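Architecture and fold: a report
These are the residues of each chain, in order.
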Amino acid sequence: LNNMLRKQRVSVADPVLSEDPEGNRRRLKEQMSIYSMQFKAAQNAFGKQRVALSGKVGGMKDDVVICLQLGCYYSKEKHLYA
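Every value quoted in this text rests on a predicted model; they were computed, and no experiment measured them.

1. Digging into the overall build of the chain
- Looking only at helices and strands, the chain features three helices and two strands.
- Across the chain, helices and strands are ordered from the amino to the carboxyl terminus as α-α-β-β-α.
- Relative to the globule expectation of 12 Å for 82 residues, the C-alpha radius of gyration of the chain, 16 Å, shows a markedly less compact shape.
- For the chain, the C-alpha atoms occupy an extent of roughly 50 × 35 × 25 Å along the three principal directions.
- Among the 82 residues that make up the chain, the fraction classed as buried is 15%.

Shown next as structure tokens:
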């Protein structure tokens, strides 16, 4: 998902079923533009650098993108539909 977001290859099909379709489309687009790999330096010389996918930068939220990522992951697993 991170690679597809960086290349702007993720889109939302019409219609968006919601009480506020345009607001939710805007919110999703904002969160997708922020969502990326976050790097944290090691706390000491013996520690390891940490890497995580996150959209929580500058007080932003990433709830909708996390749901999208979970949906993409689980929708590709055929054994989860049995």
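Picking up where we left off.
2. Points about a nonpolar patch on the surface
- A surface patch of nonpolar side chains, about 360 Å² in accessible area, is lined by Met 37, Phe 39, Val 51 and Leu 53.
- For the nonpolar patch, the secondary-structure elements that each account for two or more residues are β1 (36-40) and β2 (50-54).
- Residue placement: Leu 53 occurs in strand β2.

3. What about the side chain of Asp 62?
- By the secondary structure assignment, Asp 62 is in the loop between β2 and α3 (63-75).
- Salt bridges are absent for the buried Asp 62, whose nearest opposite-charge side chain, Lys 56, sits at 4.2 Å.
- Not counting residues up to four positions away in its chain, the partners in contact with Asp 62 are Gln 31, Tyr 35, Ser 54, Gly 55 and Lys 56.

4. Here's the deal with the packing of helix α2 (residues 21-34) against α3
- As a packed pair, α2 and α3 sit with axes 8 Å apart at the nearest point and diverge in direction by 80°. If you check the angle between α2 and α3, you find them roughly perpendicular. Where α2 abuts α3, its residues Arg 27, Leu 28, Gln 31 and Met 32 lie against Asp 63, Val 64, Val 65 and Leu 68.
- A per-class count over the contact of α2 with α3 returns five nonpolar, one polar and two charged.

Definitions and cut-offs
Residues numbered from 1 in each chain as written. Predicted model: local features only at pLDDT ≥ 70, side-chain atom pairs only at ≥ 80, totals over all residues. Heavy atoms only, no water. Helix = DSSP H or I, 4+ residues; strand = E, 2+ residues; numbered from the N terminus. Rg over C-alpha atoms; globule rule 2.2 N^0.38 Å. Buried < 20%, exposed > 50% of the residue type's maximum accessible area, 1.4 Å probe, protein only. Patch = residues over 30% accessible without salt bridge, like charges linked within 9 Å, V, L, I, M, F, W, Y side chains within 5 Å. Areas by Shrake-Rupley, 256 points an atom, 1.4 Å probe, with all protein chains shown as cover. Salt bridge = Lys/Arg side-chain N within 4 Å of Asp/Glu carboxyl O. Lys, Arg positive; Asp, Glu negative; His and termini not counted. Contact = heavy atoms within 4.5 Å. Axes fitted to C-alpha atoms, helices over the stretch in contact; angles between N-to-C directions. Parallel < 35°, antiparallel > 145°, perpendicular 65-115°, else oblique. Nonpolar A, V, L, I, M, F, W, Y, C, P; charged D, E, K, R; others polar.

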